[in-house]
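Chain by chain, the residues run as shown.
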Amino acid sequence: MPVDELLATPTLTSRDMPYVTFSTETIEDVARTKADGVMRFKDQDYAISTVPGDKGNNVYKIESFFERKDQEVRNGRASAEWLKKWRNDYELYKQGKEIPEDGTPIKGWKLLSGAQQEELIRINIRTVEALAAMNDDGIRNFGMGAIEMKRRAKAWIEQNQSKEKDTLLLADLMQKIDSLTGTVKALTEKNEELERAVQKKK
């Protein structure tokens, strides 16, 4: 393989995006403890980053997390869109608001049992879209039944995309019908005016 191909930046897709959550812990404020001579504390925010399908996770102080991700974006190892989403999610977290799932939540999805949903969430497969894109590591981590669930998720997404296309097509046709109806009405009124004008002349 040519060297330039080996060095080429890989194409990133949504399935490569780590799942990131946030937490806050109370830790010692070392600087203030030193200055005051008594133990002081502060709240420290953390980012917990996990690859979908992986049981393990990486925990970073929030400042170092965003510094690291900024560098990864510059190096082409992370997407600027991912970073934007994580920053928005962190703002929601700080405001105490719920962070929406990026896709259809696995929790409550009718095509899986409650036990299957919990098992998937345990390995950070939290949406139907993530299940449909689950990689080999995720399949191995889940175990028996993972391939069938992935197939089911892909079929469900394709079916819904097809329904969405049909809905858009129907909306487009309805708009055209409304436009034609308006044109016919205008022409009819114009014709009636002409007939009345002709009758007056007689």
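How each quantity is defined
- Residues numbered from 1 in each chain as written.
- Predicted model: local features only at pLDDT ≥ 70, side-chain atom pairs only at ≥ 80, totals over all residues.
- Heavy atoms only, no water.
- Helix = DSSP H or I, 4+ residues; strand = E, 2+ residues; numbered from the N terminus.
- Expected span 1.5 Å × (residues − 1).
- Buried < 20%, exposed > 50% of the residue type's maximum accessible area, 1.4 Å probe, protein only.
- Arc of directions from axis to C-beta.
- Contact = heavy atoms within 4.5 Å.
- Polar contact = N/O pair within 3.5 Å; in protein donor to acceptor, adjacent residues only side chain to side chain.
- Salt bridge = Lys/Arg side-chain N within 4 Å of Asp/Glu carboxyl O.

K.L.:
Could you give an account of helix H3 (residues 62-74), naming the residues involved and the relevant values?
P.N.:
An α-helix turns once every 3.6 residues. As a result, residues three or four positions apart point the same way. The terminal C-alpha atoms of H3 lie 19 Å apart, and with 13 residues this matches the ideal 18 Å at 1.5 Å per residue to within 8%. Those residues of H3 not exposed but buried are Ile62, Phe65, Phe66, Lys69 and Glu72. Burial along H3 is one-sided: seen end-on, the buried residues are contained in an arc of 120 degrees. Across from the buried face of H3, at angles greater than 90 degrees, the exposed residues are Glu67 and Arg74. If you follow the buried residues of H3, they end up packed against strand S1 (19-28), strand S2 (41-50), strand S3 (58-61) and helix H4 (80-94). Positive backbone phi, at 80 degrees, marks Gly76, one or two positions downstream of H3.

K.L.:
Would you mind going over H4 in detail, with residue names and values included?
P.N.:
In this model H4 runs 21 Å from its N-terminal to its C-terminal C-alpha over 15 residues, within 8% of the 21 Å that 1.5 Å per residue would give. All of the buried residues along H4 are Trp82, Leu83, Trp86, Asp89 and Tyr90. All buried residues of H4 fall inside an arc of 125 degrees around its axis, so they share one side. When the buried face of H4 is taken as reference, the exposed residues oriented beyond 90 degrees from it are Glu81 and Lys84. As for H4, its buried residues are in contact with S1, S2 and H3. Measuring from the backbone nitrogen of Glu81 back to the side-chain oxygen at the start of H4 gives 3.0 Å, which picks out Ser79 as the cap. Of the residues trailing H4, Gly96 is marked for its positive phi of about 75 degrees.

K.L.:
Please set out unusual backbone geometry residue by residue, giving values where relevant.
P.N.:
Of note, Asn124 is a non-glycine position whose phi angle comes to about 65 degrees, a positive value. As for its placement among the helices and strands, Asn124 is situated in the loop between helix H5 (114-122) and helix H6 (128-132).

K.L.:
An account of the pattern of salt bridges is needed here, citing residue identities and associated values.
P.N.:
For the structure on display, the rule yields eleven salt bridges. Two residues, Lys85 and Asp89, come together in a salt bridge whose shortest N-O distance is 2.9 Å. Here Lys85 and its partner Asp89 are both found in helix H4, four residues apart, which amounts to about one turn of the helix. Taking relative accessible area as the criterion, Asp89 reaches 7% and is therefore assigned buried. In this structure, the salt-bridge partner of Glu118 is Lys107, at a minimum N-O distance of 2.2 Å. Linking Glu118 in helix H5 with Lys107 in the loop between H4 and H5, this pair joins segments that are eleven residues apart in sequence. Classification of Glu118 by relative accessible area gives partly exposed; the value is 39%. Each of the salt bridges in this network shares a partner with another, and the network as a whole consists of Lys69, Glu72 and Arg77.

Purely spatial values, then, with no claim about function.
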